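Now for the letters of each chain:
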Amino acid sequence: MGKKAAVIMPQTRDFLQQMGEQIKLARLRRKLPSALVAERAGISRQTLTAIEKGASTVSIGSYAAALHALNGMDKDLLLVAKDDELGRKLQDIGLLMKKRAPKTYSKD
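Rules and cut-offs
- For every chain, the first residue of the written sequence is number 1, and numbering continues from 1 onward in sequence order.
- Given that the model is predicted, a residue must reach a pLDDT of at least 70 before its local features are reported, and side-chain atom pairs must reach 80 or more before they are shown or counted; all residues, however, enter totals for whole chains, interfaces and linings.
- Hydrogens are left out, water is left out, and the side-chain values use all remaining heavy atoms of the structure.
- With a 1 Å grid laid over protein atoms only, a set of points is called a cavity when a 1.4 Å probe fits there but cannot get out and a pocket when it is open yet has protein on both sides within 12 Å along at least five of seven lines; lining residues have an atom within 4 Å of a point.
- Grid points are joined across faces, edges and corners, and a volume is the space filled by probe spheres set on the points.
- Secondary structure is summarised from DSSP: a helix means a run of H or I of at least four residues, a strand means a run of E of at least two, and numbering begins at the N terminus for each.
- Lys, Arg, Asp and Glu make up the charged group, whereas Ala, Val, Leu, Ile, Met, Phe, Trp, Tyr, Cys and Pro make up the nonpolar group; the residues left over, Gly among them, are polar.
- We define the nonpolar core as a collection of buried residues of types Ala, Val, Leu, Ile, Met, Phe, Trp, Tyr and Cys that are connected through side-chain atoms lying within 4.5 Å of one another.
- Here the term buried applies to any residue with accessible area under 20% of the maximum for its type, exposed to any over 50%, and partly exposed to those in between, with areas from a 1.4 Å probe on protein chains only.
- We call two residues in contact whenever any of their non-hydrogen atoms come within 4.5 Å of each other.
- Directions drawn from the helix axis to the C-beta atoms are what define this arc.

S.K.: Explain the layout of surface pockets to me, please; I cannot follow it from the model alone.
M.R.: Regions of empty space are outlined by a rolling probe, equal in size to a water molecule, passed over the atoms. There is about 330 Å³ of room inside the largest pocket. Residue lining of the largest pocket: 13 residues in total, with M19, Q22, I23, L67 and L77 positioned closest to the centre. Mapped onto the lining of the largest pocket, the elements with two or more residues apiece are α1 (10-29) and α4 (60-69). Here the residues of the lining of the largest pocket are counted per class, giving 10 nonpolar, 2 polar and 1 charged.

S.K.: Is there a simple way to explain the nonpolar core in this structure?
M.R.: One recurring pattern in soluble globular proteins is that nonpolar side chains are buried together. Counting residues in hydrophobic clusters, the biggest one holds 19 residues, and the most contacted among them are I43 and I51. Those elements that provide at least two residues to this core are α1, α2 (34-41), α3 (45-52) and α4. Per-element tally for this core: the top contributor is α4, with 5 residues. Look past the residues within four positions of I51 in its chain and what remains in contact with it is G20, I23, I43, V58, S62, Y63 and A66.

S.K.: Explain α2 here, please?
M.R.: Every α-helix carries 3.6 residues per turn, so stepping three or four residues along brings you back to the same face. Looking at α2, one finds that the buried residues are S34, V37, A38 and A41. All buried residues of α2 fall inside an arc of 100° around its axis, so they share one side. If you follow the buried residues of α2, they end up packed against α1, α3 and α4.

Laid out in structure tokens, this is it:
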């Protein structure tokens, strides 16, 4: 039985394509050939090409390796979901809801 493919929403596909383009531009600004970046990242040139096209079939680890090969740009991945506005709002709503104190029983 084959692996089930992840469903990629159109907006996410656009984000991946934009990220791939940014990775490609970073490589070109550094004047690094794709073969060298792929070698440093430990991936094939075909995988790097797929990354630069924003392919959703490439693992996040390969994206991270390519970013690392571009002089440590992988640290930018720490910014992903750093400020979770929706999560914080949901958490605050839960804190504001009136809750009863738990019943305590003393066993003497």
